Each structure stands twice: as C-alpha cells, then as structure tokens.
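Here are the chains, one letter per residue:
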Amino acid sequence: MASQSNSSECIEVQKPFLTVDDAAELFSHLYGMPKATSVRPLNGYDAQNFLINLDHVGIDDQDLNQDPKCCTQRYVLKIMSGEESKDEIGFRAIHSIQKYLKHHGYTCAAPLQNIHGDDMKIEEFTKKQPADGLNAGQRVHGRFMIRAYPFLPGVSLTSVGVVPANSTQVFYEAGKSLAQMHKILQKYPHDTTALKEKAKTFEWSLDNLSIILKYVHVVKDQKRRDFIVDIVKTFESRVLTRKDQFRKGIIHNDFSDTNVLVTPILENSATSENSVAHQVNYKLSNAVDFDDSHYNCLVFDIGISMMYMAVSKPAENHPLHASAAFLAGYQHVNPLTPEELEVLHICQAARFAQSLIMGLYTYTYIQPGNDYLLLTQNSWPIIEDLWEMKVDSMRKMWTDVALECAEFDMHA
C-alpha cells in the first residue's frame, strides 16, 4: 500500500495515486469496516473515487441499477486532490449542506463518520510509481483528504447505454429536482462565509470564467478560439456587471449528466397477440457530488445544468430540446425572473466554454490519458448552435417544450 513515510527526496504531486488495493485497505482501516470483497475505480476529474463493495456479490453494471436494499454494503471512497485537500473549512460547509438537504427530504448522501468521529481526515502517502506512465519510477508524495459516502443506487445519465425512451421527462424531472434543492437551501440557517469566499477563487465558479483565456491556446482552430473569447467577453459585460439583479443562494455548480442518477423502469407494451416488447424507461433517483458547491447566482446553476443536459443523450430531439425540458421542470417549481431569463443562454454558453477549455487543457498538460476529461469535446456543434440561435427562436423553443412537458404533471 501507499505508505506514510518520510517525504524527503520525493516528487510532491496533487493528483492522488492510490491503487484499488490501497483503497480497500484504507477504507477498512479508517472506517472500521471489514475488508472489501471488491473495489472498482470510478471516474474523477481531480479526485480519485472508488466504489467499495462489502457484499459477497460482485459489482457489475447491472448491480448499480438495483434498489436501495441491494446497496447497503456499498460505499464511495473519495481521495481529494492535494489542492482541494487544503480547503477543510469549505468541505465542512459542503457536508453541512448535504446533511441539511437530507434532513429536509432531499435525496442525497451524507458523509460517513470515520473511526475518529469525524467525516474527513487528511492522510499523507508516499509511493514509488510504476516504470511506465506519469513520474515513472519516481517516489511521489501527496497529502490528501479522505472522505466516504454510502453508495446511492442508480446510474448516471452519461452511463445509460441507450437513450431513455422517456428522456424528455427525465430532463424535466431533473430540472424540478434542482429547483427543489435551491428552494430548500434558501432557508439554510448556517454560516455561508466559506461558500461565498470559494466563489471568488474557485476555477469552476462562473465568476472566474476569464481564467480560461489563459488556456484557450490549447484549441488549435483560431475560429474556435475567437468564439470562446467572444463568449467570455459577453458573459463579463452582460452578466457579471448585473449580478445584483439575480437571486443568490447555495448552488450545486455541477448538477450534470454524470451527477444525476436514474434507475430503470421496465414497461411492457403489446406488439402482437402473442408477443410483448419490453421498453426501458428511467426515473430520476438521486443527485451526487456536491464538492463544487458554493454561494452564487441561482441562474448560474440553471445554465450550467442546462449545458450538461444538452451534451447527454437527448434521443431524437435537438440537444437544446433537452435543456429546454430541464428548464421547464425548474420553472414549474421555482420560476425564473425576467432578468434571469434574459441571461440564461449566456450562462449556459459560459459553462460550455469553461468545460471545453478546462477539460482539454487538463488532459493535454496535466492528466494525459484521463478520457473522462474529454466528455464534452464533441459538443462544439451544440455550443455553436446555442450561440448563433436568435433569442426569439430560443424563447419559442422553451415555451413549446414547456407545453409538451405539462402533461407529465397531469399524469403524475
């Protein structure tokens, strides 16, 4: 296992480097649990995430769709990056948010307490790297925050192998879910100072969108570089200068197709006298990963989420139809103000630009080989359509899709 030892003559690294065996041993030791029967790495941007299984039944993709009774002995172990691990106050605030949401009926996981009676712990690790790959053959050292959560059943929208037959309804329900989260958190009674400070420095806060101008050179096409610059400048002049006009609160900041979980509903439909076709629909089950949460404009969160819905798998409809369905769901629970609606598409484009540039830069210079960073790179045509669409046409699409979605609540 990666061990605690003298860090002298080691390369200090920010990206965690634990193996599945390291993760199994760490989880057992730190949380006083039996040794895992199986461990699986999960996708992660800067952190390392592991699915820890204590059941005797192995983990497979189908298992992850099961109801909660099948998942009581499964956990997610999170090893935060070195940089993230410095923000203990911020993570304590995030844990408080999760506990508050759960207490008020919103489905999300709260962190586990470790054997020290805390829900996080900093650990130092030193390890010799393999002969191939990053820092090949070198001894590396890192100081990482360790956290763990009960595993929530379901699969992410990204992981669904085929487009849900009821995808429009799934996006609509996702919008309602974010709106419900916002409404609950409007009454959050605890200090939000750390979350407000995070908005000022966090590179994934839309307040700091201009950071990507330092990295835009990673895009080789000049026309696309100019396109990104135009989005940044428009966001700064038309949105950031008007922040006092928008409602504010605690936002998730990554309510995306990777962090929205769904579970399948198998429905039978007769196709002939003697045969039955099985149609797989999905229902929204959970939202995960609040690590990017901070205090900011609610319209930022809505635009961010609409961007990610568009790059998921919106069936036969235009990707922006998925965004519109999400917006319709949000509006049903927590209607936007005219000022927020006016800038919503700019906020959506801003996160497109942020994700495209940050993902490609990190993959190219920091984490080559981490394909998770490239999930949005095929979405250039979507952001171009969004940015070129006339506002009147966009508003009409939002209205038409909202009318289409109205039937979902009528049959609920």
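Residues numbered from 1 in each chain as written. Predicted model: local features only at pLDDT ≥ 70, side-chain atom pairs only at ≥ 80, totals over all residues. Heavy atoms only, no water.

Asks: Before we go on, may I ask you to explain the nonpolar core in this structure?
Replies: Among soluble globular proteins, nonpolar side chains are generally buried collectively. One finds Leu101, Tyr106, Phe235, Phe255, Val299, Phe300 and Trp398 to be the most contacted residues of the largest nonpolar core, which totals 95 residues. It is helix H8 (residues 338-365) that contributes the most residues to this core, 13 residues altogether. The residues contacting Leu101, other than those within four sequence positions of it, are Tyr106, Cys108, Met181, Ile184, Leu185 and Phe290. By size, the runner-up hydrophobic cluster in this structure holds 23 residues, among which are Ala24, Phe27, Tyr75 and Leu77. (Core = buried A, V, L, I, M, F, W, Y, C linked by side-chain atoms within 4.5 Å. Buried < 20%, exposed > 50% of the residue type's maximum accessible area, 1.4 Å probe, protein only. Helix = DSSP H or I, 4+ residues; strand = E, 2+ residues; numbered from the N terminus. Contact = heavy atoms within 4.5 Å.)

Asks: Can you help me understand the packing of helix H3 (residues 167-185) against helix H10 (residues 391-410) in this one?
Replies: Two measures define how a pair of helices packs: the angle their axes make with one another and the distance between the axes. Between H3 and H10, the least distance of the axes is 10 Å, while the angle of their chain directions is 75 degrees. When the interaxial angle is binned, H3 and H10 end up roughly perpendicular. Between H3 and H10, the contacting residues are Thr168, Gln169, Tyr172 and Lys176 on the first element and Glu404, Cys405, Phe408 and Asp409 on the second. Of the residues that constitute the contact of H3 with H10, the class distribution is three nonpolar, two polar and three charged. (Axes fitted to C-alpha atoms, helices over the stretch in contact; angles between N-to-C directions. Parallel < 35°, antiparallel > 145°, perpendicular 65-115°, else oblique. Nonpolar A, V, L, I, M, F, W, Y, C, P; charged D, E, K, R; others polar.)

Asks: Just to check I follow, could you spell out the packing of aromatic side chains for this structure?
Replies: Aromatic ring pairs are defined here through the distance separating the ring centres and the angle between the ring planes. Tallied over the full model, the rule gives 11 aromatic pairs. Both rings, one in Phe235 and one in Phe300, keep their centres 5.6 Å apart while their planes meet at 50 degrees; by these two values the pair is tilted. You can see Phe235 sitting in helix H5 (residues 222-238) and its partner Phe300 sitting in helix H6 (residues 298-310), a full 65 residues away along the chain. Just as Phe235 is buried, Phe300 falls in that class too. Taken together, Phe17, Phe125 and Phe144 form an aromatic cluster joined through their ring pairs. When the ring centre of Tyr295 is taken as origin, the NZ or CZ atom of Lys196, which lies over that ring, is 4.8 Å away. (Phe/Tyr/Trp six-rings, centres within 6.5 Å; stacked < 30°, edge-to-face > 60°. Lys NZ or Arg CZ within 6 Å of the ring centre and 35° of its normal.)

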